[in-house]
Every structure is written in C-alpha cells, then in structure tokens.
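# Structural description and commentary
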Amino acid sequence: MGLGSAVTSWFQRAGLEILGWILIPVGIVLMPLPGPGMLIVVSGIALLSRRYVWAQRVLEPLERRATEAAKYGVATWPRIALSILGGVWLFALGVIWWQSPDIPEFSVLGVGFGPELPAHGWATAIGLWASAIAAWVLLAYSFARWHEPSGSAHSNA
C-alpha cells in the first residue's frame, strides 16, 4: 500500500466518520420540522457503526424494528394504499407550503399564527417533498423485498 492510497483510505474513513457526526445533529434538528429527520439520524448512526460499538448496539434494534415495520406495512393492499396516500399527502402539503396561501389569524396558547403559514416557503416545501419521495422509495423497496402474495403466506410453526 503506497502513501497515496493510505492517505486516501484515511480521508475516506475520517470523512465518513465526520459525516456520521454531522448527520446525527442535523437529523435531530429536522425531526420536529417537515423532513426526513429520523432517516438522517439513522444514516448517521449507520456510518458511525462501522467504527463504534455503541453505534452498532443502537443500530441493531433499529434495523430489527424497521424490518418488522416494513414487513407489516406491505402485508396487505390497504396498508400499501394508505402508505402511497401518505406520500401524496406530504407532497400536496409541500405544494401548499410552497404557494403559501394566507390563512386566518388565530392563536394557540398565546402564540399567534397567520396570515402566513408557519415556516412557509421553499425550504419547508423541499423538506416535505423529500419526505414523500423517501416514503415512496422505502415503500417500493419494502414491497419488492418483503411483500408476499396473499396465497403464499408462510407459517412460523
């Protein structure tokens, strides 16, 4: 291994670790906002799991639960249809936030809203669209990987 490949390898490892440490707080910030915050956090943990045992321990149950949820979500056609409609809903909300129509003024617990949508504009719209696209991609992957036709259910006994 030459010096150039050793330096490149080190930068790749360091870069992935730095990216993992950046993705976790960015994902945490995005969790309450429209956007794929949880996916970003899990992506950061997945990158860090290559180097840290604690991240491996956190990632293993997340992977197990995500797999169970994916299998459950594509087990029946009504669930699949609802998932598709959920993505359509997110996409439509993105269009609404992009257009930013005026809304009636109101207050909740002393916090006033209106006449503009909270966090209106392109950034929120892109976050909502990214969430819709992520949902559809994950649904397609889950369908291809775990959907069983109704007549071929396997018994666990």
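The notes below deal with the structure included here. All figures in this text were calculated on a predicted structure; none of them were measured in a lab. (Residues numbered from 1 in each chain as written. Predicted model: local features only at pLDDT ≥ 70, side-chain atom pairs only at ≥ 80, totals over all residues. Heavy atoms only, no water.)

### Here's the deal with the packing of helix α1 (residues 3–30) against helix α2 (residues 37–48)
To keep things clear, this is the line we draw: Axis lines are fitted to C-alpha atoms, over the contacting stretch for helices. Their N-to-C directions set the angle, which ranges from 0 to 180 degrees. Secondary structure elements follow DSSP: runs of H or I of four or more residues count as helices, runs of E of two or more count as strands, with numbering from the N terminus. An angle below 35 degrees is treated as roughly parallel, one above 145 as roughly antiparallel, one from 65 to 115 as roughly perpendicular, and anything else as oblique. Put simply, a crossing is left-handed when the front helix is turned counterclockwise from the back one by less than a right angle, and right-handed when it is turned clockwise. Only heavy atoms enter the contact rule, under which two residues are in contact if any of them lie within 4.5 Å. Polar here means any residue outside two lists: the nonpolar Ala, Val, Leu, Ile, Met, Phe, Trp, Tyr, Cys and Pro, and the charged Asp, Glu, Lys and Arg; Gly therefore counts as polar.
Contact geometry of α1 with α2 gives a least axis separation of 7 Å together with a crossing angle of 155°. As far as their axial angle goes, α2 and α1 are roughly antiparallel. Crossing hand, α1 versus α2: left-handed. Contacts between α1 and α2 involve L16, E17, L19, G20, W21, L23, I24, V26, G27, I28 and L30 on the former and, on the latter, G37, I40, V41, S43, G44, I45, L47 and L48. Residues belonging to the contact of α1 with α2 are distributed by class as follows: 13 nonpolar, five polar and one charged.

### Description of the pattern of salt bridges
So the rule is basically this: We define a salt bridge as a side-chain nitrogen of Lys or Arg found within 4 Å of a carboxyl oxygen belonging to Asp or Glu.
Applying the stated criterion across every chain, the model contains one salt bridge. Close ionic contact of R51 with E17 constitutes a salt bridge, the shortest N to O distance being 2.9 Å. On the criterion of sequence distance, the pair formed by R51 in the loop between α2 and α3 (53–73) and E17 in helix α1 is long-range, its members being 34 residues apart.

### Topic: α3
The criterion, for reference: Residue count minus one, scaled by 1.5 Å, sets the expected span of a helix. Only protein chains enter the area calculation, which uses a 1.4 Å probe; residues under 20% of their type maximum are buried, those over 50% are exposed, and those in between are partly exposed.
With 21 residues, α3 should cover 30 Å at 1.5 Å per step; its first-to-last C-alpha distance of 30 Å lies within 8% of that length. Listed in full, the buried residues belonging to α3 are A55, L59, A70 and G73. Among the structural elements, α2, α4 (77–99) and α5 (122–146) are those in contact with the buried residues of α3.

### Thoughts on α1
With 28 residues, α1 should cover 40 Å at 1.5 Å per step; its first-to-last C-alpha distance of 40 Å lies within 8% of that length. Within α1, burial applies to A14, E17, G20, L23, I24 and G27. In this fold, the buried residues of α1 make contact with α2.

### Things to note about the nonpolar core
We count it as follows: For this analysis, a nonpolar core means a set of buried residues of the types Ala, Val, Leu, Ile, Met, Phe, Trp, Tyr and Cys, connected via side-chain atoms within 4.5 Å.
In this structure, I24, V41, I45, L48, A55 and L59 together form the largest nonpolar core, which totals six residues. Elements with a contribution of two residues or more to this core: α2 and α3. With three residues, α2 is the single largest residue contributor to this core. Beyond its immediate sequence surroundings of up to four residues, V41 is in contact with L23, I24, G27, I28 and M31. Counting residues in each nonpolar core, the second largest holds five residues, with A70, I80, L139 and W146 among its members.

### A closer look at the packing of α4 against α5
Axis separation between α4 and α5 bottoms out at 7 Å; the angle between their running directions is 165°. Of the possible angle classes, the one that applies to α4 and α5 is roughly antiparallel. Considering only the axes of α4 and α5, their crossing is left-handed. Taken together, the residues of the contact of α4 with α5 sort by class into 18 nonpolar, five polar and no charged.

### A short note on the packing of aromatic side chains
Applicable threshold: For Phe, Tyr and Trp, where Trp contributes only its six-membered ring, two rings pair if their centres lie within 6.5 Å, and the inter-plane angle classes them as stacked under 30 degrees, edge-to-face over 60, or tilted in between. Placement of a charge over a ring requires the Lys NZ or Arg CZ to be within 6 Å of the ring centre, with the centre-to-atom vector within 35 degrees of the ring normal.
Within the structure shown, the criterion is met by nine aromatic pairs. Ring geometry for F106 and F113: centres 5.2 Å apart, planes at 25°, overall stacked. Given the relative accessible area of 42%, F106 is considered partly exposed. Aromatic side chains Y141 and W146 sit 5.8 Å apart centroid to centroid with 90° between the ring planes, which places their arrangement in the edge-to-face category. Linked through ring pairs, F91, W98, W129 and W136 together constitute an aromatic cluster. The aromatic ring of Y72 is capped on one face by R79, whose charged end is 3.6 Å from the ring centroid.

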